[in-house]
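# Structural overview for review
Here is how the chains run, residue by residue.
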Amino acid sequence: MIAEVTSLLAGHLASGALVATALLSLENRLPLGFLRFCTSATGGVAGLAALLGSGIERWLWSAVLVASLLWWGVLRSEHRPRWVPFAAAGAALAALLSLGARGTGDVHGWLGAFGSLTAGLLLGTATVTMILGHWYLVDTSLSIAPLRSGARWFGIAAALRWLAVGAALPLGGWDALGVHRFADVVFSTTALFFLFRGLTGLGAPLLLAPLVWQTVRIRSTQSATGLLYVAVVLVLFGELISQFLWVTTGYPL
C-alpha cells in the first residue's frame, strides 16, 4: 500500500506540475533555466511514480515522464516549437483524467476524473508557483506577471479541489468514511484521517490563496514565496492522506 500511495502522490504532483508549467509558459515569458528545472524535476518525479506504480498507473506516469523529457530536450535546442507545451500539458491531463475515470467501487467515472484532475492541479500550481517565487532571487529583473499568474491559478485550483471533494461526499463519500452521525468524525478511523486531510489539504490552501494573491499584488515576492512554501508542505500532507483514502475507500476524497 505504501508504494501505491506514494506512486499516486508522485504521479499527481508530476502531472499537475507539468500542466502548471505549461499554463505559466503560455501566458508569460519565463526564464529558460526555470523551464528546464521544472521539466527535469517533473520527469524525475514521474519516473519515481512509474517505478513504484503498477498496471495502468505505471503506463500513465511513464507517458508523463516521456512528455517531460520531450519538453526538456526541446528547451535545450535552438528551435522550440510552440506546440510542445500544449502536447506536454495534454499528456499530463490525459494521465490524470484516465487514472481517475478508471473508477473503483461505485464511484462515477466523472467524479474520479474530476478528483484526480483537481488533486494534480492543486499540487502542481502550489509547487511550481513556489519555485517561481524563488526564481526572483536569481533574476531580479523578472516581471511580476508570471508570479501573479501562478497565484491566480493556485487560488483557482484550491477552489476546484473544494468543489471536487464537496461533490464526492454526498455521492457516497460519507458512507465510505463510515460517517453516519457527527460523533463518527472522531470515532471512525477513516473519518479522523479525513478531518486532518481537510484541515491541511483543503482549509489551509483556501486561506493561504488570498494572502498569496495580496502579497503578489504589492510585489512582495519573498513574502509570497514564504506563504507558498507553507502551502506546498500542507498540500503535500493533505494530498498524501487523500491518496491513502482513495486506496482504502475507493473515493476521491
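Being a predicted model, the structure only gives us computed values, none of them experimental.

## A few points about the overall build of the protein chain
A tally of regular secondary structure across the protein chain gives 9 helices and 0 strands. Starting at the N terminus and ending at the C terminus, the protein chain contains elements arranged as α-α-α-α-α-α-α-α-α. Taking 253 residues into account, the globule formula puts the C-alpha radius of gyration at 18 Å, and the protein chain, at 18 Å, falls close to it. Along the longest, intermediate and shortest principal axes, the C-alpha atoms of the protein chain span 55 × 40 × 25 Å. The buried share among the 253 residues of the protein chain stands at 52%. A fraction of 77% describes how many contacts in the protein chain between residues 6 or more apart in sequence connect residues 24 or more apart. Here the protein chain displays about 11,300 Å² of accessible surface, and carbon together with sulfur accounts for 69% of that area.

## Side note on helix 3 (residues 56-75)
In a regular helix each residue adds 1.5 Å, so 20 residues correspond to 28 Å; helix 3 covers 29 Å between its end C-alpha atoms and thus fits that length. Those residues of helix 3 hidden inside the fold are in contact with helix 1 (2-27), helix 2 (32-52) and helix 4 (83-101).

## Some points on the pattern of salt bridges
In total, this model carries 3 salt bridges according to the counting rule given. When the shortest N-O distance is used, the salt bridge between glutamate 27 and arginine 152 registers 3.0 Å. Note that glutamate 27 is positioned in helix 1 and arginine 152 in helix 6 (residues 145-177), a separation of 125 residues in sequence. With relative accessibility at 39%, the residue glutamate 27 sits in the partly exposed group.

## Quick look at the side chain of serine 25
Following the sequence through the fold, serine 25 ends up in helix 1. With relative accessibility at 10%, the residue serine 25 sits in the buried group. Apart from residues no more than four positions distant in its own chain, serine 25 is found in contact with Leu30, Leu35, Trp71, Arg82 and Pro85.

## Looking at a nonpolar patch on the surface
Together, Leu192, Leu195, Phe196, Leu199 and Phe237 make up an exposed nonpolar region whose accessible area comes to about 460 Å². At 4 residues, the largest contribution of residues to the nonpolar patch is made by helix 8 (residues 189-217). By secondary structure assignment, the location of phenylalanine 196 is in helix 8. You can call phenylalanine 196 partly exposed: its relative accessible area is 46%.

## Brief notes about the confidence of the model for the protein chain
Residues at a pLDDT of 70 or more form 94% of the protein chain, whose mean pLDDT is 88. Ranking the helices and strands of the protein chain by mean pLDDT puts helix 2 first, with 94, and helix 7 (residues 184-187) last, with 63.

## What about unusual backbone geometry?
Excluding glycine, residues mostly have negative phi values, and the peptide bonds linking residues are mostly trans. Positive phi outside glycine occurs at arginine 219, with the angle close to 60 degrees. The residue arginine 219 is located in the loop between helix 8 and helix 9 (221-249) in this model.

## Structural notes on the packing of helix 1 against helix 9
The contact between helix 1 and helix 9 brings their axes to 9 Å, and the two run at 125 degrees. As judged from the angle between their axes, helix 1 and helix 9 are oblique. Helix 1 and helix 9 meet at a crossing whose hand is right-handed. Here helix 1 contributes Glu4, Val5, Leu8, Leu9, His12 and Leu13 to the contact with helix 9, which in turn contributes Leu236, Glu239, Leu240, Gln243, Phe244, Trp246 and Val247.

## Some points on helix 4
Given 3.6 residues per helical turn, the α-helix brings residues three or four places apart onto the same face. The end-to-end C-alpha distance of helix 4 is 26 Å, a good match for the 27 Å that 19 residues give at a rise of 1.5 Å each. Burial in helix 4 covers these residues: Val84, Pro85, Ala88, Ala89, Ala92, Ala95, Leu96, Leu99 and Gly100. Projected down its long axis, helix 4 shows its buried positions confined to an angular sector of 140 degrees, all on one face. Of the exposed residues in helix 4, the ones pointing more than 90 degrees away from its buried face are Trp83 and Phe86. Tucked inside the fold, the buried residues of helix 4 contact helix 1, helix 3, helix 5 (109-138) and helix 9.

Parameters at a glance
Counting restarts for each chain: residues are numbered from 1 in the order of the written sequence. Only residues with pLDDT of at least 70 are given local features in this predicted model, and only at 80 or more are side-chain atom pairs given and counted; all residues enter the totals for whole chains, interfaces and linings. In computing side-chain properties, one takes all heavy atoms of the structure into account and sets aside hydrogens as well as water. Where helices and strands are cited, they refer to DSSP runs of H or I of at least four residues and of E of at least two residues respectively, numbered from the N terminus. For a compact globule the rule gives 2.2 Å times the number of residues to the power 0.38, and the radius of gyration it is set against comes from C-alpha atoms. Relative accessibility decides the category of a residue: with a 1.4 Å probe and only protein chains considered, values under 20% of the type maximum give buried, values over 50% give exposed, and everything between is partly exposed. In what follows, a contact means two residues having at least one pair of non-hydrogen atoms within 4.5 Å. A 1.4 Å probe and the Shrake-Rupley method give the accessible areas. Residues count as covered only by the protein chains that appear here. Given a helix with a known number of residues, its expected span is that number minus one, times 1.5 Å. For this document, the term salt bridge refers to a Lys or Arg side-chain nitrogen within 4 Å of an Asp or Glu carboxyl oxygen. Patch construction takes residues with relative accessible area above 30% that form no salt bridge. Like charges are linked within 9 Å, and nonpolar side chains (Val, Leu, Ile, Met, Phe, Trp, Tyr) are linked within 5 Å. Per-residue confidence from the predictor is given as pLDDT, running between 0 and 100. Under this scheme, a helix contributes an axis fitted over its contacting stretch, all axes are lines through C-alpha atoms, and angles between N-to-C directions fall in the 0 to 180 degree range. Between 65 and 115 degrees an angle is taken as roughly perpendicular, under 35 as roughly parallel, over 145 as roughly antiparallel, and anywhere else as oblique. Handedness of a crossing is defined here by the sense of rotation of the near helix relative to the far one, left-handed for an anticlockwise turn of less than a right angle and right-handed for a clockwise turn. By definition, the arc is the one covered by directions from the helix axis to the C-beta atoms.

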